[in-house]
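Letter by letter, the chains look like this.
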Amino acid sequence: CVPIEDPKTGDSHLVSAWSDVYLPILGMLTVAAEPLAATQIQSLADIPAAGTEVFATLDRLRQFLDEVSGCYRFYHGTLPEFLSDPATGNDPQTRNLYQEPLRWHRRICRSYRRIVGGWSSANWEALDDYGRRHLSAHLFAASRPAKFDELFDAYAGGFLGAKHRVASSPADLHDDWRIILDAAREIADFARFVHYGYQISSQYSEVAHLLSRNVSA
């Protein structure tokens, strides 16, 4: 067990090191799209233990990890495959290692929703670089069972517009456009497919116009 302190009351109590620290770290690294810093893991996984305990746990897991510029990932792609394989959860000898991807995609989305203050009135400037790059993919995976409601809510709340304002080029939004169109296509939402398809067409038409002006000049 590890101690945690209630930020409101200052009271301390113990939580399970395995279920409240180790498993969330493994879960985050199983679904992460790129290496994560210890502070990101703690925030996105909503780990209640102190940051020093998260660092200490990562150190104990070091034999399974690569550290890249202070960020962590599994040293080999077979590890997240093993941890997220339903067969791992069905095997009595390994079931306590199993990481259901949906659970951790949802945890990441819940944390980002908290960080930005909700999708409908989001402060998108509070989003970190990882969130800007990969929130769409996590929302797609997390909200798929509910017909992508949360993905559409985030987009309606201005996620794409906020990302476009800080993007270095339209190509930075390519994956986001693909994800939203895939979601609309998968649930046969023709109205949304046309709506976002028109936005994509308008964006690239604007870029083509600017390029042609620069060339002619």
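Residues numbered from 1 in each chain as written. Predicted model: local features only at pLDDT ≥ 70, side-chain atom pairs only at ≥ 80, totals over all residues. Heavy atoms only, no water.

**Student:** Help me understand the overall build of the protein chain, please; the structure alone is not making it clear to me.
**Tutor:** Assigned secondary structure in the protein chain consists of 11 helices and 5 strands. Counting contacts in the protein chain only where the partners sit at least 6 residues apart, residues at least 24 apart contribute 52% of the total. About 12,100 Å² of surface is accessible on the protein chain, with carbon and sulfur atoms providing 53% of the total. (Helix = DSSP H or I, 4+ residues; strand = E, 2+ residues; numbered from the N terminus. Contact = heavy atoms within 4.5 Å. Areas by Shrake-Rupley, 256 points an atom, 1.4 Å probe, with all protein chains shown as cover.)

**Student:** Explain the pattern of salt bridges here, please?
**Tutor:** Oppositely charged side chains are able to pair whenever their charged atoms sit close together. Under the counting rule described, the total for this entry stands at 14 salt bridges. Here Arg-185 makes a salt bridge to Asp-182, at a shortest N to O gap of 2.8 Å. Linking Arg-185 with Asp-182, this pair stays in helix H10 (residues 174–186), spanning 3 residues, or about one helical turn. Residue class for Arg-185 comes out partly exposed when judged on its relative accessible area of 49%. Beyond isolated ion pairs, a larger network of salt bridges with shared partners links Asp-175, Arg-178, Asp-182 and Arg-185. (Salt bridge = Lys/Arg side-chain N within 4 Å of Asp/Glu carboxyl O. Buried < 20%, exposed > 50% of the residue type's maximum accessible area, 1.4 Å probe, protein only.)

**Student:** Just to check I follow, could you spell out the nonpolar core for this structure?
**Tutor:** The nonpolar side chains of soluble globular proteins are, as a tendency, buried together. Among the nonpolar cores identified, the biggest contains 54 residues, and Ile-25, Trp-124 and Leu-151 are the most heavily contacted of them. Considering each element in turn, this core owes the most residues, 9 residues, to helix H1 (residues 17–31). Residues within four places of Ile-25 in sequence aside, it is in contact with Ile-41, Ile-47, Val-54, Thr-57, Leu-58 and Leu-61. (Core = buried A, V, L, I, M, F, W, Y, C linked by side-chain atoms within 4.5 Å.)

**Student:** Looking at this structure, how should I read H10?
**Tutor:** Three- or four-residue spacings in an α-helix give side chains the same orientation, since the helix completes a turn every 3.6 residues. The terminal C-alpha atoms of H10 lie 18 Å apart, and with 13 residues this matches the ideal 18 Å at 1.5 Å per residue to within 8%. Regarding H10, the residues found buried are Asp-176, Trp-177, Ile-179, Ile-180, Leu-181, Ala-183 and Ala-184. Among the residues trailing H10, Ala-188 stands out with phi positive, at a value near 55 degrees. (Expected span 1.5 Å × (residues − 1).)

**Student:** Explanation requested: the confidence of the model for the protein chain in the structure shown.
**Tutor:** Low-confidence regions, as indicated by low pLDDT, have predicted coordinates that should not be scrutinised in detail. Taken residue by residue, the protein chain gives an average pLDDT of 86. The fraction at 70 or more is 86%. Counting interchain partners and residues more than four positions distant, the pLDDT-below-50 stretch residues 1–15 has 23 contacts. A low-confidence stretch, residues 206–217 (pLDDT under 50), is modelled with 1 contact involving residues beyond four sequence positions or located in other chains. (pLDDT = per-residue confidence, 0-100.)

**Student:** When you look at the sheet that holds strand E4 (residues 65–68) in this model, what are you seeing that I'm missing?
**Tutor:** Taken in spatial order, the 3 strands line up as E3-E5-E4 in an open sheet, and their pairing is antiparallel. The open sheet has two edge strands, strand E3 (36–37) and E4, and neither has a second partner. As defined by bridge partners, E3 adjoins strand E5 (residues 71–74) across 2 bridges and the pair is classed as antiparallel. Note on E5: the bridge partner recorded for Ala-37 is Cys-71. (Pairing = 2+ DSSP bridges.)

**Student:** What should I look at first to understand the packing of aromatic side chains in this one?
**Tutor:** How two aromatic rings sit relative to each other is given by the distance of their centres and the angle of their planes. The final tally for this structure, using the stated rule, is 6 aromatic pairs. Ring geometry for Trp-119 versus Trp-124: centroids 5.8 Å apart, planes at 10 degrees, classification stacked. A ring pair is formed by Tyr-155 and Tyr-196, whose centres lie 6.0 Å apart and whose planes are at 85 degrees; its orientation type is edge-to-face. With Tyr-155 in helix H8 (residues 149–156) and Tyr-196 in helix H11 (residues 190–216), the pair connects residues that are 41 residues apart, well separated along the chain. Using a relative accessible area of 6% as the deciding quantity, one classes Tyr-155 as buried. On the accessibility criterion, Tyr-196 (7% relative accessible area) is buried. (Phe/Tyr/Trp six-rings, centres within 6.5 Å; stacked < 30°, edge-to-face > 60°.)

**Student:** Explain the packing of H1 against helix H3 (residues 51–60) to me, please; I cannot follow it from the model alone.
**Tutor:** Taken N-terminus to C-terminus, the directions of H1 and H3 make an angle of 65 degrees; their axes are 10 Å apart at the nearest point. Considering the relative orientation of H1 and H3, their crossing is right-handed. Of the residues in H3, those in contact with Val-21, Tyr-22 and Ile-25 of H1 are Glu-53, Val-54, Thr-57, Leu-58 and Arg-60. In the contact of H1 with H3, the residues fall into 5 nonpolar, 1 polar and 2 charged. (Axes fitted to C-alpha atoms, helices over the stretch in contact; angles between N-to-C directions. Left-handed = near helix turned anticlockwise from the far one by under 90°. Nonpolar A, V, L, I, M, F, W, Y, C, P; charged D, E, K, R; others polar.)

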